[in-house]
Amino acid sequence: MSKILKQKERGSLIVISGPSGCGKGTIIKDFLSKHDNVWLSISCTSRDMRPGDIADETYFFISRGEFEEKIKNDEFLEYAVYNGNYYGTPKEHIEEKLTKGIDVILEIEVQGALKVKEIVPEAICIFIMPPSMKELRKRLVGRGTEDKEKVLNRFKTAYKEINEVTRYNYVVTNDSIEDASKKIAAIIMSEKCRVDRIEEVYLNNEEEEIHELLMDKDFVNEDIKI
Ligand code: 5GP
């Protein structure tokens, strides 16, 4: 059957942010386990590894010097300093994946997300909101991987980040991982149905098509009088 529409097959660039401890990593993991054709970009960072981190999987852990060298060589789509450490999205692979029709997820903080939106206005920016500040505090303290000062800093940063939520396209509250992951899937699906992704509409001459239909000998609807 011939198609009526030609739509952009390019993958979507999806930016996901949210305060530390809001559960965005777990939501993304859940989403990735349920969807194909989507790739999570691995960032570079100069921060120290934490228990549970896996080198070249959680991040590419590099020194500040190496990071600065990469900045000089224009290797990042965006980068930011967050809690005193560098974090950056390597440009490599992103364009290639998008061209192949693969969706790319960037899990990055607010300053980086805003930079991406500037460079790629069609990027889909989603903010993950913790269910409450009390719950966020519980999660940050409960993580037990950092000292009091670092937890306090992350909590202060969370307040600032939440204040930027209106600069995003969508907000998803993490009441449950499964629901939040479903909402992300729904957002991505609706973005693919946007009319601005239409490249061409293949419609034949309307008069001719109607004439052909009326001349069709199998067309026996008696309600239609010529
Ligand atoms: P964490 O140290 O907890 O792994 O990450 C701290 C923050 O840095 C998180 O909000 C995370 O989303 C963000 N982040 C991770 N990778 C990047 C990146 O490549 N660029 C930017 N701007 N932020 C990042």
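Before reading further, recall that the structure is shown in the block above.
What you see is a predicted model; the values in this text were computed from it and never measured. (Residues numbered from 1 in each chain as written. Predicted model: local features only at pLDDT ≥ 70, side-chain atom pairs only at ≥ 80, totals over all residues. Heavy atoms only, no water.)

### A few points about the pattern of salt bridges
The following threshold applies: Counted as salt bridges are all cases of a side-chain nitrogen of Lys or Arg within 4 Å of a carboxyl oxygen of Asp or Glu. In this scheme, a residue with accessible area under 20% of its type's maximum is buried, one over 50% is exposed, and one in between is partly exposed, where area comes from a 1.4 Å probe on protein chains only.
Throughout the structure, instances matching the rule amount to 15 salt bridges. Among the salt bridges present, the one from K100 reaches E96, with a minimum N-O distance of 3.5 Å. The exposed category is assigned to K100, whose relative accessible area is 60%. Where E164 meets R167, a salt bridge forms, and the shortest distance between an N and an O atom there is 3.1 Å. The exposure class of E164 is partly exposed, given its relative accessible area of 25%. When salt bridges that share partners are traced, they join E135, K138 and R139 into one network.

### What to know about the packing of helix α5 (residues 133-143) against helix α6 (residues 148-162)
Note the threshold: Geometry is summarised by axes, namely lines fitted to C-alpha atoms with helices restricted to the contacting stretch, and by angles between N-to-C directions that run from 0 to 180 degrees. What counts as a helix is a DSSP run of H or I of at least four residues, what counts as a strand is a run of E of at least two, and both are numbered from the N terminus. An angle below 35 degrees is read as roughly parallel, one above 145 as roughly antiparallel, one from 65 to 115 as roughly perpendicular, and any other as oblique. The sense of a crossing depends on the near helix, which, turned anticlockwise from the far helix by less than a right angle, makes the crossing left-handed and, turned clockwise, makes it right-handed. Residue contacts are counted whenever heavy atoms from the two residues lie within 4.5 Å of one another. Throughout this entry, Asp, Glu, Lys and Arg are counted as charged residues, while Ala, Val, Leu, Ile, Met, Phe, Trp, Tyr, Cys and Pro are counted as nonpolar. The remaining residues, Gly among them, count as polar.
Taken N-terminus to C-terminus, the directions of α5 and α6 make an angle of 150°; their axes are 10 Å apart at the nearest point. In this view, α5 runs roughly antiparallel relative to α6, as classed from their interaxial angle. α6 is crossed by α5, and the crossing has right-handed handedness. Touching M133, L136, R137, L140, V141 and R143 of α5 are V151, R154, F155, A158, Y159 and I162, all from α6. Tallied by class, residues from the contact of α5 with α6 come to 9 nonpolar, no polar and 3 charged.

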